[in-house]
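Coordinate analysis (summary)
Read off the chains here:
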2 protein chains.
Amino acid sequence: MDTKQAAHLIRNPRLEWNEEARREVFACPIFSIQERTCRSPDKELRTFTVLDASDWAIVVPVLTTPQGKAFVMVRQWRHGAQELSLEFPGGVFEKGEDARAAAARELREETAYEAGSIRSLGVCSPNPAIMANRVHFFLAEDLKPLEAQDLDEDEYVEVEVLPIQAVFQGMGQPPYIHALMGSALALFCKVSSLSEL
Amino acid sequence: MDTKQAAHLIRNPRLEWNEEARREVFACPIFSIQERTCRSPDKELRTFTVLDASDWAIVVPVLTTPQGKAFVMVRQWRHGAQELSLEFPGGVFEKGEDARAAAARELREETAYEAGSIRSLGVCSPNPAIMANRVHFFLAEDLKPLEAQDLDEDEYVEVEVLPIQAVFQGMGQPPYIHALMGSALALFCKVSSLSEL
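Because the structure is predicted, anything quoted here is derived from the model rather than measured. (Residues numbered from 1 in each chain as written. Chains lettered and ligands numbered in written order. Predicted model: local features only at pLDDT ≥ 70, side-chain atom pairs only at ≥ 80, totals over all residues. Heavy atoms only, no water.)

**Quick look at the packing of helix α4 (residues 179-191) of chain A against helix α4 (residues 179-191) of chain B**
Between two packed helices, what matters for the description is the angle formed by their axes and the separation of those axes. We apply this condition: Lines are fitted to the C-alpha atoms to define the axes, a helix being fitted only along its stretch in contact, and any angle between axes, read from their N-to-C directions, falls within 0 to 180 degrees. The way it works is that DSSP assigns letters per residue, a run of H or I at least four long becomes a helix, a run of E at least two long becomes a strand, and they are numbered from the N terminus. Note on angle classes: values under 35 degrees are labelled roughly parallel, values over 145 roughly antiparallel, values of 65 to 115 roughly perpendicular, and the remainder oblique. For any pair of crossing helices, the crossing counts as left-handed if the nearer helix is rotated counterclockwise from the farther one by less than a right angle, and right-handed if it is rotated clockwise. Here, residues are in contact when the closest pair of their heavy atoms is within 4.5 Å. Note on residue categories: nonpolar means Ala, Val, Leu, Ile, Met, Phe, Trp, Tyr, Cys or Pro, charged means Asp, Glu, Lys or Arg, and polar means any other residue, Gly included.
α4(B) packs onto α4(A) with a crossing angle of 70 degrees between their chain directions and a minimal axis gap of 7 Å. With respect to each other, α4(A) and α4(B) are oriented roughly perpendicular. Taken as a pair, α4(A) and α4(B) cross one another with a handedness that is left-handed. Between α4(A) and α4(B), the contacting residues are Ala179(A), Leu180(A), Gly182(A), Ser183(A), Leu185(A) and Ala186(A) on the first element and Ala179(B), Leu180(B), Gly182(B), Ser183(B), Leu185(B) and Ala186(B) on the second. The residue inventory of the contact of α4(A) with α4(B), partitioned by class, reads eight nonpolar, four polar and no charged.

Shown next, in the form of structure tokens:
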């Protein structure tokens, strides 16, 4: 039995709710909003509002440079925060695509690097309180440069190669404002020797 | 000039968009949805959908135990992910509350610990692509136990004390499914000596 299956078997009736109904109250091309009516451990009914969307992939691309290991990152304008954000590449799964394929594609399109090796770092909920989708984290290594980025018409993305330590130290202040990139860093730590950090 | 001010002065007209209009298209007690019409660096108009909400605080409570340093965490049902999640305490700012006060209050209410010291670990956007609010991370130390939790009527929260290393190793698989707790771990690394991890 793998860890995920084992964890799902840890039930706790003092904490668990049961969903009894849901209805969609808003939809746009990138997400929908549902009202979910659930029964509490004390059998009370409450309604919660949840955002559902396609899953996302985030990929941590590690490049070996003459100065040591570095991250390949992308700088882009973000319409929620209304500022520039320096991030790992990533994005929404396309139809029929699995997590690893989405990670490899986003890496190619946004950074113009192809990965010889892509392995999973873990799967989280971006916010399990209000979001129903998942975010899948990957480590990309053995990077080979391609000719050019392959961006959508409304994507403006600049590629930067940054020392690992600079990204760690910058996280939590502009332009390292994307919380999910912090999640990716924590997962990267799990598979890296501390001497690399 | 502090780092945040300096970073905001790094402008890049090749990447920046300008908002020209916004309208609310959905609202519920915990968030609203806006359509924002923005002009691209190439002067094209596009509309983006953004979720706005009150800011959130997440607090990393560190307890010194006979076995070493440990995190105080909370296990609760999450209605977005529809599963149990083991997390740092945190929540939405109350009206008129600042980030530090929200962190201290959530710590008290959810874990029944009061912090002698609370300091900022950084501020991020939970998802700068589609969310307009911020998440404020804090480190809480010098913890003193209170008599009891102070939960809302529909909150079911169990407190657990966990070794730091176990939380790091667990992140990205159940019950450590909350991506923003990974962000908190990465920020915690910045202020911790590696020997503690």
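**Here's the deal with the interface of chain A and chain B**
How big an interface is tends to be stated in terms of accessible area lost as the parts join. Basically, it comes down to this: Here the quantity called buried area is the accessible surface, traced with a 1.4 Å probe, that two parts lose on coming together, added over both. A carboxyl oxygen of Asp or Glu within 4 Å of a side-chain nitrogen of Lys or Arg is what we treat as a salt bridge. Counted as a polar contact is a pair of N or O atoms within 3.5 Å, where, for protein atoms, one must be capable of donating a hydrogen and the other of accepting one, and residues adjacent in sequence contribute only when both atoms are in side chains.
Contact with chain A, which involves 79 residues of that partner, is made by 79 residues of chain B. Taken as a group, Leu15(A), His79(A) and Tyr156(A) account for 11% of the area that chain A buries against chain B, more than any other trio of residues on that side. In this structure, the connection of chain A to chain B is made through eight salt bridges. One salt bridge in this structure joins Arg46(A) and Glu153(B), with 3.5 Å as the shortest N-O distance. Taken together, chain A and chain B are joined by 39 residue pairs in polar contact (both at pLDDT 80 or more). By residue number, the principal contributor to the side of chain A that touches chain B is α4(A), which donates nine residues.

**Examining the relation of the copies chain A and chain B**
Note the cut-off: Least-squares superposition aligns the copies on the C-alpha atoms of those residues with pLDDT at or above 70 in both.
Under the fitted operation, chain A is carried onto chain B by 0.0 Å of movement along the axis and a turn of 180 degrees, and the coordinates agree to an RMSD of 0.0 Å. In the structure described here, the two chain copies are related by an operation that fits a two-fold rotation axis. Within chain A, Ser183(A) has its C-alpha nearest the rotation axis, a separation of 2.1 Å. Of the interface residues in chain A, 100% have counterparts in chain B that sit at the interface too, so the contact is made through matching surfaces.

**Comments concerning the confidence of the model for chain A**
The predicted coordinates ought not to be read in detail in places where the model reports low pLDDT. Residues and elements named next belong to chain A. How we decide: Predictor confidence is given residue by residue as pLDDT, running from a minimum of 0 to a maximum of 100.
In this model, chain A carries a mean pLDDT of 93, and residues with pLDDT of at least 70 account for 93%. Here helix α1 (residues 3-8) is the element of chain A with the lowest mean pLDDT, 50, and helix α2 (residues 99-111) is the one with the highest, 98. Under a pLDDT of 50 for its full length, residues 1-5 has, in the predicted model, four contacts with residues more than four places off or in other chains.

**Some words on the sheet that holds strand β3 (residues 45-52) of chain A**
Residues and elements named next belong to chain A. Definition in use: Strands qualify as paired when DSSP identifies two bridges or more between them.
Overall, antiparallel pairing links the three strands, which are arranged β1-β2-β3 in an open sheet. Lying at the two open borders of the sheet, with one neighbouring strand each, are β1 (18-27) and β3. Taken over all neighbouring pairs, the strand axes of this sheet differ in orientation by 25 degrees on average, direction set aside. The pairing of β1 with strand β2 (residues 32-39) spans eight bridges and is antiparallel. Paired with Ala-21 across the bridge in β2 is Thr-37.

**Some details on the pairing of strand β4 (residues 56-65) of chain B**
Within a regular beta strand, the side chains point alternately toward one face of the sheet and then the other, so they alternate between its two faces. Residue and element names in this part refer to chain B. Definition in use: For every residue, the accessible area (1.4 Å probe, protein chains only) is compared with the maximum for its type, and the residue is labelled buried under 20%, exposed over 50%, or partly exposed between those bounds.
Of all 10 residues in β4, nine are buried, a share of seventy percent or more. In terms of strand pairing, β4 meets strand β7 (residues 90-92) through three bridges, oriented antiparallel. In the strand pairing of β7, Ile-58 is matched with Gly-90. Pairing analysis gives six bridges linking β4 to strand β9 (residues 135-145), with the strands arranged parallel. Looking at the pairing, Val-59 lines up with Phe-138 of β9. The sheet contact formed by β4 and strand β5 (residues 68-78) spans four bridges and is antiparallel. Opposite Thr-65, over in β5, you have Gly-68 as the bridge partner. Taking the residues that link successive antiparallel strands as the turn, the β4-β5 hairpin has two residues.

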